[in-house]
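# Reading the structure
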Amino acid sequence: MIQIQRDAHRDQGNEKLRLENTPQIATKENRLFVVLPDDVDWRSPVARAGWLWYTGGAAQLRKAEGSIMIRVHDGLIEMHTQNTSYILATGQGGLAENLHYGAKMRVHGAGEALRAKVAVGFGGDVLRPGDTVSPGAMRLELSPTQRGDFREGALLAKLPHGGFSADFTYKTATHGQGPAPGGGMPQGRGAGETLCLSFAGTGGLEVELFYSLFYDTDVIAKKMRLTNRGGEAIELRRCFSTQLDLPGCDYTLTTLNGAWGRECMPEKRALAPGVAAFGSTSGHSGNRCNPFFMLARGEACETAGEVYGFNLVYSGSHRGSVEVDGFGRTRVMQGLSDEAFSWTLNPGESFITPEAVLSFSAEGYRGLSHNMHRFVRRHILPPRWATAPRPVLVNNWEGTYFNFTEGKLLRMARVAARLGVELFVLDDGWFGARNSENAGLGDYNVNRKKLPGGLASLARSVNALGMDFGLWFEPEMVNEDSDLYRAHPDWAIRTPGLSPAKGRKQYALDLCRPEVREYIIRSVGGVLDSANIRYVKWDMNRDISDGYSPALHNQGEFGHRRVLGLYEVLDNICGAHEDILFEGCASGGNRFDLGMLYYMPQVWLSDDSDAHMRQKIQTGASFGYPQCVMGCHVSAVPNHQTLRNTPLDTRFNTAAFGLLGYELDMTALTAAQKGDIKAQIAFYKKHRRLLQQGDFYRLESPFDSAHGACRWMVAAPSRDAALVGDFEGLLWPNSTRPNMRLPGLNPDALYDIAVRAQKIDLDAFGGLINYVLPVHLNPDGMLVKTAAKVYRLDGEAESYQAYGSQLAAAGLARLQEFTGAGGYSPQLRFLTDFASRLYVLRRIGEKRAR
Ligand code: GLA
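Being a predicted model, the structure only gives us computed values, none of them experimental. (Residues numbered from 1 in each chain as written. Predicted model: local features only at pLDDT ≥ 70, side-chain atom pairs only at ≥ 80, totals over all residues. Heavy atoms only, no water.)

Moving on, we come to the overall build of the chain. Regarding its fold elements, the chain presents 18 helices and 44 strands. For the chain, whose C-alpha radius of gyration is 28 Å, the value lies close to the compact-globule estimate of 29 Å for 850 residues. Across its three principal axes, the chain shows a C-alpha extent of roughly 95 × 80 × 60 Å. Taken across its 850 residues, the chain has 59% of its residues classed as buried. The long-range share in the chain, meaning contacts at least 24 apart out of those at least 6 apart in sequence, stands at 71%. By element, 51% of the accessible surface of the chain is carried by carbon and sulfur atoms, the whole surface being about 32,400 Å². Of the side chains in the chain, 93 bear a positive and 92 a negative charge, and the two mean positions are spaced by 4 Å. (Helix = DSSP H or I, 4+ residues; strand = E, 2+ residues; numbered from the N terminus. Rg over C-alpha atoms; globule rule 2.2 N^0.38 Å. Buried < 20%, exposed > 50% of the residue type's maximum accessible area, 1.4 Å probe, protein only. Contact = heavy atoms within 4.5 Å. Areas by Shrake-Rupley, 256 points an atom, 1.4 Å probe, with all protein chains shown as cover. Lys, Arg positive; Asp, Glu negative; His and termini not counted. Charge placed at Lys NZ, Arg CZ, Asp CG, Glu CD.)

Structure below.
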């Protein structure tokens, strides 16, 4: 009998798990003790059933003997996660038919009640010899090509005779513990069990479909392996990672679209007959369309209803599509972009697709997001960093751009250290002739004019201030004006006969060439070993054009081979420096995906640090990604991307719902601003675990609110603490506000609720200042300006006590806002455009039984 006991010192236990990277399982008197991460409920049936094991720091679910995740019987394949079921039937026409993907269920017998009933077929059916039902009338996991299913299919291959028509006939279903084959690409870590369906294909093309189950997060990951069992080459034209046919077409599709500076904008559309296709052709996952998307059934909303989520563990060009056919059924596919794709599969060779991630929740968009967040935290991020507290950083980019000296950096660092910053990051411009965008990329030798002492000495000085030192690189790129380009012009990607296009005045390096990969590994590795560098910002600032590599025979392989080359480089560099914290960046979120997050536990989400815009970007990203992967900085105003002025507190309150950093010239701050920032950082450190790892709730979306207001909450898995961010958009004067309802708390717990203390700037009042002061002052005069620098009014103090059930059912009534008409009172909240507040909730007791 296996028992699981909650560790008495959970925090200590988790820390140990992270450091030693070993399973936290101990047996004592025939009892098994397992340390659970904070976000796993130790009372859950899963834990009680004795399923929870650990490998390499990632939670993994297994049963001691047998399996209740995957069952194969009576021509039926059942896959079950904690709350979902994925049911397939095999046999009919040699096909694998999808009977159900969605809410968890128990299947009776061979699933007769679920199977489609087609007695005489449909008008217009195309039947293969032996078919009683046309493939076009079935919900299929893999379609034969040009054999009766005329929807787009996941696989398209040109066979040795030059034709495309093909059958793929089901052979076997096998399953076992552990992952699917990786194929040199990242994939979910710690899969509980994996199913493999194999099919014999026309022309010797063997197909295997893999389904890896991540029981605890309700995620099923899918991929396809193709093997040429014939004697002649086969050309793959399209091979997606998943094909899923859903019943009906009453779904709303949400994709995350955008551009530089406004990534992850959720775009909703109702499905209509035909194909809705989306994705990227720019060589990386891209800011135009993130690989994450959702389908919500019927009236599903944030808090209720059935929602499916899809993502891809991949960083290159990708394609998603949703097709509604003439019978009103929906086919969902996702995988590598088939734009300019062609892959030569020689006899005996295999091709593995990237891994697609599928999840389902019956609890609305919120439930789906929680599944995805748990999956990313437990099964994607490097275990070393998954739950490690991330440091508060300062980055010099918007403070200096290329124009800095060692003296300037150290002056900034000294202020930062005094305010509580833990990591000083030196951004672009420290190497070669990199004094502008025009030159230097590729030459990672330190610029001694700017940094006469070199990196090691700068790192020592920063360390002496009590901070870690971090550094920026853009290793996949080269400027024409660089020593690297002069020595190896052919390393830049170009197509014969075309003069290559530039992006941000630079070329991309050809990662299909082994010598280029070796150069990057050597040059970046050399710098990392030359100084005490604890953090790397790995940037990538242009889209890929002119795709071609002299290293390849088939140029249709260029896009994917370049990404495989990148993963080889990252395996080497990140693998050899596991203790360095890597942050991905691509002009902000131009490569914000599960593939990069597998190597780098955080990503600079957007170059746009305007707090109002960031609330939108972070809300959009939160549908698929947890806050512990989002780099979020407080920057100067007017904002450098939007020229908007937002209050310093709002910039902090917004960035606090991610990984906090400051990106401004700290030497230019007033004494009052320094005081504010010091208090912000202390607050963030105090609540860091909650802010970085807590369960995230979208309470009010800036996309749905008429005035652009936004409200978020994070709650500790124990529900002992929570934090609410309440953000104004444009102020709506003289309004009554509804109570702030807070879901997800422990209904029986009593909470203490207090607003984070903020100050009010005197100059926020303009001419109104004369109504509260006994003397008359010129609001634009020196006196007010000088006084405003050193003296501010205390903001309102609000504190309450309430039960969780009360906050969920009726919410919290807050103080009235300043309205102009009624004048000044300390019982008012002074809200301006883009003002915000943070409310801290702390559990202080339990409801007494009556
Ligand atoms: C990109 C990044 C910025 C900064 C600059 C430096 O734009 O997104 O954060 O690092 O490059 O050139």
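A word on the packing of aromatic side chains. For the structure on display, the rule yields 36 aromatic pairs. Plain terms: the ring middles of Tyr-598 and Tyr-599 are 5.1 Å apart, the flat faces sit at 80° to each other, and that makes the pair edge-to-face. For Tyr-599, a relative accessible area of 7% translates into the label buried. Seen in terms of ring centroids, Phe-657 and Phe-727 are 6.3 Å apart; in terms of plane orientation they differ by 75°. Their pairing is edge-to-face. Of this pair, Phe-657 sits in the loop between helix 13 (648-655) and strand 34 (659-663) while Phe-727 sits in strand 37 (residues 721-727), and the two are 70 residues apart along the sequence. Through successive ring pairs, a cluster of aromatic residues spans Tyr-86, Tyr-101, Tyr-211, Tyr-251, Tyr-308 and Phe-360. The ring of Trp-385 has Arg-384 sitting right over it, with the charged end atom 4.1 Å from the ring centre. The lysine or arginine in question, Arg-614, covers the ring of Trp-604, its NZ or CZ lying 4.7 Å from the ring centre. (Phe/Tyr/Trp six-rings, centres within 6.5 Å; stacked < 30°, edge-to-face > 60°. Lys NZ or Arg CZ within 6 Å of the ring centre and 35° of its normal.)

Surrounding the ligand, one finds 13 residues, the nearest of these being Asp-427, Asp-428, Arg-504, Lys-537 and Asp-607. Here an oxygen atom of the ligand sits 3.2 Å away from a polar atom, N or O, in the side chain of Asn-541. Between the ligand and Asp-607 there is a distance of 2.5 Å, counted from an oxygen atom to a side-chain nitrogen or oxygen. When the free accessible area of the ligand is taken as 300 Å², the share hidden by the protein chains comes to 97%. Taken together, the residues that form the shell around the ligand break down as 4 nonpolar, 3 polar and 6 charged. (Near = heavy atom within 4 Å. Polar contact = N/O pair within 3.5 Å; in protein donor to acceptor, adjacent residues only side chain to side chain. Nonpolar A, V, L, I, M, F, W, Y, C, P; charged D, E, K, R; others polar.)

A word on the confidence of the model for the chain. Averaged over every residue, the pLDDT of the chain is 91; the share at 70 or more is 91%. Here residues 1-35 scores under 50 on pLDDT; set against residues more than four positions off or in separate chains, the count is 62 contacts. Note that pLDDT drops below 50 for residues 41-66; the model gives that stretch 65 contacts with residues more than four away or on any other chain. (pLDDT = per-residue confidence, 0-100.)

Helix length check: helix 14 (residues 671-686), at 16 residues, gives a terminal C-alpha distance of 23 Å against a target of 22 Å (1.5 Å per residue), a fit within 8%. Within the span of helix 14, buried status applies to Ala-672, Asp-676, Ile-677, Gln-680, Ile-681, Phe-683 and Tyr-684. Across the axial projection of helix 14, the buried residues extend over an arc of 165°, all falling on one side. Across from the buried face of helix 14, at angles greater than 90 degrees, the exposed residues are Ala-671 and Lys-686. (Expected span 1.5 Å × (residues − 1). Arc of directions from axis to C-beta.)

On to the environment of Val-516. With respect to the helices and strands, Val-516 occurs in helix 9 (residues 514-530). On a C-alpha basis, the gap between Val-516 and Pro-181 in space is 27 Å, while along the polypeptide they are 335 residues apart.

Bringing a positive patch on the surface into the picture now. A cluster of like positive charges, contributed by Arg-411, Arg-414, Arg-418 and Lys-678, occupies part of the molecular surface. Positionally, Arg-418 belongs in helix 6 (residues 406-419). (Patch = residues over 30% accessible without salt bridge, like charges linked within 9 Å, V, L, I, M, F, W, Y side chains within 5 Å. Salt bridge = Lys/Arg side-chain N within 4 Å of Asp/Glu carboxyl O.)

Bringing the side chain of Asn-287 into the picture now. Along the chain, the position of Asn-287 falls in the loop between strand 17 (274-280) and strand 18 (289-297). Excluding anything up to four places from it in sequence, Asn-287 contacts Asn-257, Gly-258, Ala-259, Trp-260, Glu-263, Gly-589 and Asn-590.

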